[in-house]
Amino acid sequence: MMTLVIGGAASGKSEFAEALARQFASPRVYIATMQPFGEEALARIRKHRDRRARMGFTTLECYTGLATACDALPGNASVLLECLGNLVANERYSPDGGGEGAALAGVLCLADRCRDLVVVTNEVFSGGSDYEGDTLGYLRELANANRALAARADRVVELTVGLPNWLKGGPTQSEEENPH
Amino acid sequence: MMFVTGPLFAGKRDYVCRALGCTREELAARAVWDVQDLAADAPDAGALAALADRLAGYEVVIATEVGGGVVPVDARERAAREAAGRLACLLAQRAETVVRVVCGLPQTLKGDSSCWSI
């Protein structure tokens, strides 16, 4: 089952996605997409990785080339991917990125390979369209990926103030009985 | 009138085409979009209400949500964003049906969208 979780900054989307993914069967894999810049980021990443390990997730770091990285996944894995906004930026702007469309292709490949998948993505589309440089191009690509994944997903949920608004599908019985 | 709103690039016009059963080329005859950009030209509340009244004559009115970012530093941009939000509220009041589209998925906020083809 594939679930797309969308929300603004600090909307509670990560916690909600984690709560969904905690109920998955093993092996559970967390795919991290944020490139560590500096010691502070590295320390933060170590802290989060330890916390997730305690929840039974192994962490796979993947900044670009998700389609290839999928090969390293154990068979029948359940995956939490966070987040699409980073992945699109990495593929679009990193020297080793695959350019426009690579991020979506990677996630679709992932969706084909794993049993359960939760993808966290960003709502950054309500602040107008008056941007400089390539920002509008980035927004268009992220929005295209969001729509394509929403169409593919079994469930889509928008998080606001930590509360879920189901746009497609809804919680399973076990999720209802074990709210985060 | 059906009022459709949602974030940038959310698939609002595609949704309306599906709802009306028309092509993108045929849409211009039945719907008006990007009306958030028209609000800035209304000099006062009366003009904004008149604009909403005129737009309500269309079968479908589409506006992009633009009020979700940081308050613009520029006074004109600030006023334009404010007017766009007010216009959307006025349109929602005049609409029988209000639908918000996120990631291509429609959610009915007012009325009943089931009378439309999807």
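Starting afresh in each chain, residues are numbered from 1 along the sequence in its written order. Starting at A for chains and at 1 for ligands, labels are handed out in the order in which the entities are written. Totals for whole chains, interfaces and linings use every residue, but because this is a predicted model, local features are given only for residues with pLDDT of at least 70 and side-chain atom pairs only at 80 or more, for both listing and counting. Note that the side-chain values use all heavy atoms of the structure and ignore hydrogens as well as water.

1. Description of the packing of aromatic side chains
Residues and elements named next belong to chain A.
Argument step 1. Planes of paired rings set the category: under 30 degrees apart is stacked, over 60 is edge-to-face and the rest tilted, where pairs are Phe, Tyr or Trp rings (Trp by its six-membered ring) whose centres lie within 6.5 Å. Counted according to the given criterion, the structure contains two aromatic pairs over all chains.
Argument step 2. On the basis of an interplanar angle of 65 degrees and a centroid distance of 6.1 Å, the ring pair of Phe16 and Trp166 is categorised as edge-to-face. One end of the pair, Phe16, is in helix 1 (residues 13–22); the other, Trp166, is in strand 7 (residues 163–168), and 150 residues separate them in sequence. Comparing Phe16 with Trp166 shows no difference in burial state: the two are buried.
Argument step 3. Ring centres of Tyr93 and Tyr138 lie 6.5 Å apart, and the angle between their planes is 35 degrees; on these two criteria the pair is classed as tilted. Remark: Tyr138 occurs in helix 6 (residues 135–152) and Tyr93 occurs in helix 4 (residues 84–93); sequence separation between them is 45 residues.
Argument step 4. Using a relative accessible area of 45% as the deciding quantity, one classes Tyr93 as partly exposed.
Argument step 5. A ring is considered to have a charge above it if a Lys NZ or an Arg CZ atom is located within 6 Å of its centre and within 35 degrees of its normal. Above the plane of the ring of Tyr30 lies Arg52, whose end atom (NZ or CZ) is 3.5 Å from the centre. The helix count covers DSSP runs of H or I at least four residues long, the strand count covers runs of E at least two residues long, and both are numbered beginning at the N terminus. Residue burial is assigned from relative accessible area. The probe radius is 1.4 Å, only protein chains are included, and a residue is buried under 20% of its type maximum, exposed over 50%, and partly exposed in between.

2. Focus: the pairing of strand 4 (residues 97–102) of chain B
All names here are of chain B.
Argument step 1. The buried fraction of strand 4 is high, at six of six residues.
Argument step 2. Residues Thr97, Val99 and Val101 point to one face of strand 4 and Val98, Arg100 and Val102 to the other, with burial holding for every one of them.
Argument step 3. By definition, two strands form a pair when at least two bridges between them are found by DSSP. With four bridges connecting them, strand 1 (residues 2–6) and strand 4 associate as parallel partners. Within the sheet, the bridge partner assigned to Phe3 lies in strand 4 and is Val98.

3. A word on empty space enclosed by the protein
Argument step 1. Within this scheme a cavity is a closed region of a 1 Å grid, computed over the protein atoms alone, that accommodates a 1.4 Å probe without allowing it to escape, whereas a pocket is open but has protein on both sides within 12 Å along at least five of seven lines; lining residues each have an atom within 4 Å of a point. Grid points are joined across faces, edges and corners, and a volume is the space filled by probe spheres set on the points. Scanning the model with the defined rule gives one cavity of 30 Å³ or more in all.
Argument step 2. Of the volumes computed, that of the largest cavity is approximately 60 Å³.
Argument step 3. Every residue lining the largest cavity is listed: Ile6(A), Glu123(A), Phe125(A), Ala143(A), Asn146(A), Pro7(B), Leu8(B), Phe9(B), Ala10(B), Val102(B) and Cys103(B).
Argument step 4. In this classification, Asp, Glu, Lys and Arg are treated as charged, Ala, Val, Leu, Ile, Met, Phe, Trp, Tyr, Cys and Pro as nonpolar, and every other residue, Gly included, as polar. Split into classes, the residues belonging to the lining of the largest cavity amount to nine nonpolar, one polar and one charged.

4. Overview of the sheet that holds strand 2 (residues 28–32) of chain A
Residues and elements named next belong to chain A.
Argument step 1. Judged by pairing direction, the sheet is mixed, and its seven strands sit side by side in the order 3-2-4-5-1-6-7 without closing on themselves. Each having just a single partner strand, strand 3 (57–61) and strand 7 make up the two edges of the open sheet. Taking the axes of each pair of neighbouring strands and ignoring which way they run, one obtains an average angle of 20 degrees across the sheet.
Argument step 2. Bridge count for strand 2 against strand 4 (residues 78–82) is five bridges, and the pairing is parallel. Across the sheet, the residue bridging to Val29 is Val79, located in strand 4.
Argument step 3. Whether two residues touch is decided by their heavy atoms; if any such pair falls within 4.5 Å, the residues are in contact. Geometry is summarised by axes, namely lines fitted to C-alpha atoms with helices restricted to the contacting stretch, and by angles between N-to-C directions that run from 0 to 180 degrees. Most of the contacts of helix 6 go to strand 1 (residues 2–7), to which it runs at about 140 degrees, and overall it touches strand 1, strand 5 (117–122), strand 6 (155–160) and strand 7.

5. Points about the sheet that holds strand 3 (residues 60–64) of chain B
Residues and elements named next belong to chain B.
Argument step 1. Taken together, the five strands give an open sheet; going across it, the order is 2-3-1-4-5, and neighbouring strands pair in mixed fashion. With one partner strand each, in any of the chains shown, strand 2 (31–32) and strand 5 (105–110) form the two edges of the open sheet.
Argument step 2. In this sheet, strand 3 lies alongside strand 1 in parallel orientation, the contact comprising five bridges. Bridge pairing in strand 3 places Thr5 opposite Ala63.

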